[in-house]
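# Commentary on secondary and tertiary structure
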Amino acid sequence: MYDTAIIGAGMSGLAAGIRLAYYDRRVCILERHTTIGGLNSFYRLAGRNYDVGLHAVTNFTPKGTKKGPLARLLRQLRIGWDEFSLTPQVGSRIAFPDATLNFGNGLDLLLAEVDAKFPTERDNFRRMLADIADYDAVQPGMMERSAREFVASHLRDPLLAEMIFCPLMYYGNAREHDMDFGQFCIMFRSIFCEGFARPWAGVRIILKKLVRRFRELGGELRLRAGVQRMDVARDSVTRLVLDDGEEIEAKQVLSSAGWRETMHLCGQTRNSQEAARESGQLSFVECISVLDRQPRELGHDRTIVFFNDSPTFHWRKPESIVDLRSGVICSPNNFQYETPLDEGILRVTNLANYDSWRSLQESEYRLAKLSWYDRVVESAVRFVPDYRSHVVATDMFTPTTVERFTGHENGAVYGAPRKRFDGTTPLKNLFICGTDQGFVGIIGAMVSGITIANQHLLQNH
Amino acid sequence: MTSVEIREIILDILEGIAPDDDLSNLNDEQPFREQLELDSMDFLDIVMELRKRYRIQIPEEDYPQLASMQSTVEYLEPRMKDLQKV
């Protein structure tokens, strides 16, 4: 009998596991896949290491910073700042046809860019910042108000508003078109006020650190151990049944599988309206190109470019199989490393339609990947130097890849549009963390696991 | 355990929670919160660490007693006097 069983060995489950194991709980993390990471993982293909999920760690603050999610989670996990090997970005850009905004870590560059390119918005933008800084994440009732209305109440120029939304939505908005005000503030702070960083060797550094820590503390991590269902008696989970039929007993269960996915596992979808919340719709394709030289040698030194090819930014499940109008171009090379990465890499991420990808037969699917890789890259080189003649290897993931590796319905990367901030469920010993609890990004996911472990799993003993 | 030993234990716990903080200038009478920027999650950790290390149960209504070093030591002294430091 475990004190806690955790479903999913992603960032949130591992962080929660560390907290529980540190305080001597008997805890087991159950992961369906052969590797850890969930939404943020890594793999090896034809002799090369690739990251999935992670473009950059958001919420980056320099060593010695005492406030903010990164500092808090390091304290909570008893991990030193240096141990994640975070290297700050070079600089990023929001590129629209009639304007570009450059930004770095911290607000200085963004403010200078707004002043230079949107001089009439100078004071409005600063007033908006003051409201964002004042915002208290726990204020009830404020979380779900419209971020578009909030921004429109400050900024006169709709182009600036669209440009600000583009990175914030791409990096963590599960809702179509609009964004919850709370999520907007969290994302704004994590991207513009704090910033981007990456470990030289990628996300695996962070994941391996978490796993090592969890195991040192006596936690048990089981791979290839998918939870097939949870049995319920009255208002509690009584046991977890794995894909191979093995039964596991735990006093409490913490699931990072997603809200609907978790409700489905314990047969709750039919019983309660609350359980049957709408599913997420937003998924992505990502086209990864390995280059024969560093992007900098092609004249590309930006860390991340968020692009949109018209004045209006569309954040919806696209009607076409891939939405080429906007996207994110990330180069893991363009961080301030002491030694450059071995090879140049560019990753382009676009909104994609899960149903279209799902409906393809195996051979059609492979063909679609080939042809859409070309179209995606063609679309991206409108905003960065043309790198197509330097590509030595490629890979691509689609919404069905996301679904396969994360178990998220519809391959919805950011999960369901309505979040469950307190982590509770209709069952009294079952809690959720991760994407559908509401904190996103690598740091956000870890904070999610920590917060729910602290609030619900550590106090009642 | 003496009040000096209890103080050392609290310092050790704080060092674990905030390894990058300099605790040598800690003012015992001033609240931790004003000096170390600990949040409510970190306060929970002081309680949890005492439970983990010494099996001391601190009820939630007593948490305010742990605001500063001085009040913490005063609060813990009668509860820890028969324990050995580890």
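Residue and element names in this part refer to chain A. The assigned domain composition of chain A is domain 1 (2-85 + 201-277 + 415-457), domain 2 (106-191) and domain 3 (281-406). Just the C-alpha atoms count here: the centres of domain 2 and domain 3 sit 25 Å apart. Summed over both sides, the interface between domain 2 and domain 3 buries roughly 1,400 Å², with carbon and sulfur atoms accounting for 66% of that surface. On the domain 2 side of the interface with domain 3, the three residues burying the most area are Tyr-170, Tyr-171 and Glu-176, jointly 48% of the side's total. The tally of links between domain 2 and domain 3 comes to 7 residue pairs in polar contact (both at pLDDT 80 or more). For the side of domain 2 that touches domain 3, the leading source of residues is helix H6 (residues 158-170), giving 7 residues. Of the residues in the side of domain 2 that touches domain 3, the class split is 8 nonpolar, 2 polar and 4 charged.

Residue and element names in this part refer to chain A. If you walk through the whole model with that rule in mind, you get 24 aromatic pairs over all chains. Arranged with centres 5.1 Å apart and planes meeting at 10 degrees, the rings of Tyr-43 and Tyr-50 form a pair that is stacked. Taking the relative accessible area as the measure of exposure, Tyr-50 reaches 4% and is therefore buried. Look at Tyr-170 and Phe-313: their rings are 6.0 Å apart centre to centre, the planes differ by 40 degrees, and that puts the pair in the tilted class. Here Phe-313 lies in the loop between strand E15 (304-308) and strand E16 (326-330) and Tyr-170 lies in helix H6, a separation of 143 residues in the sequence. Taking the relative accessible area as the measure of exposure, Tyr-170 reaches 2% and is therefore buried. Note on Phe-313: relative accessible area 2%, which makes it buried. A network of ring pairs unites the aromatic residues Phe-103, Phe-125, Phe-150, Phe-165, Tyr-171, Phe-181, Phe-184, Phe-188, Phe-192, Phe-196 and Phe-306 as a single cluster. Lying across the ring of Trp-372, Arg-375 places its NZ or CZ 4.2 Å from the centre.

It is worth spelling out unusual backbone geometry at this point. The bulk of non-glycine residues show a negative phi, and the bulk of peptide bonds are trans. Located in the positive-phi region is A:Asn59, a residue other than glycine, with phi close to 65 degrees. The buried category is assigned to A:Asn59, whose relative accessible area is 6%. In this structure, B:Arg55 takes a positive phi of about 55 degrees despite not being glycine. Note that B:Arg55 resides in the loop between helix H3 (40-54) and helix H4 (69-80).

Sheet strands line up and pair through hydrogen bonds in the backbone, either parallel or antiparallel. Residues and elements named next belong to chain A. In spatial order, the strands read E9-E2-E1-E13-E19; together these 5 strands make up an open sheet with parallel pairing. The open sheet is flanked by strand E9 (220-222) and strand E19 (430-432), the only strands paired with a single partner. For this sheet, the mean angle separating the axes of adjacent strands, direction not counted, is 20 degrees. Relative to E19, strand E13 (residues 250-255) is paired through 3 bridges, and the arrangement is parallel. Within E19, the residue paired with Leu-254 across the bridge is Phe-431.

Cut-off values and rules
Residues numbered from 1 in each chain as written. Chains lettered and ligands numbered in written order. Predicted model: local features only at pLDDT ≥ 70, side-chain atom pairs only at ≥ 80, totals over all residues. Heavy atoms only, no water. Domains from an automatic or database assignment. Buried area = accessible area lost by both parts, 1.4 Å probe. Polar contact = N/O pair within 3.5 Å; in protein donor to acceptor, adjacent residues only side chain to side chain. Helix = DSSP H or I, 4+ residues; strand = E, 2+ residues; numbered from the N terminus. Nonpolar A, V, L, I, M, F, W, Y, C, P; charged D, E, K, R; others polar. Phe/Tyr/Trp six-rings, centres within 6.5 Å; stacked < 30°, edge-to-face > 60°. Buried < 20%, exposed > 50% of the residue type's maximum accessible area, 1.4 Å probe, protein only. Lys NZ or Arg CZ within 6 Å of the ring centre and 35° of its normal. Pairing = 2+ DSSP bridges. Axes fitted to C-alpha atoms, helices over the stretch in contact; angles between N-to-C directions.

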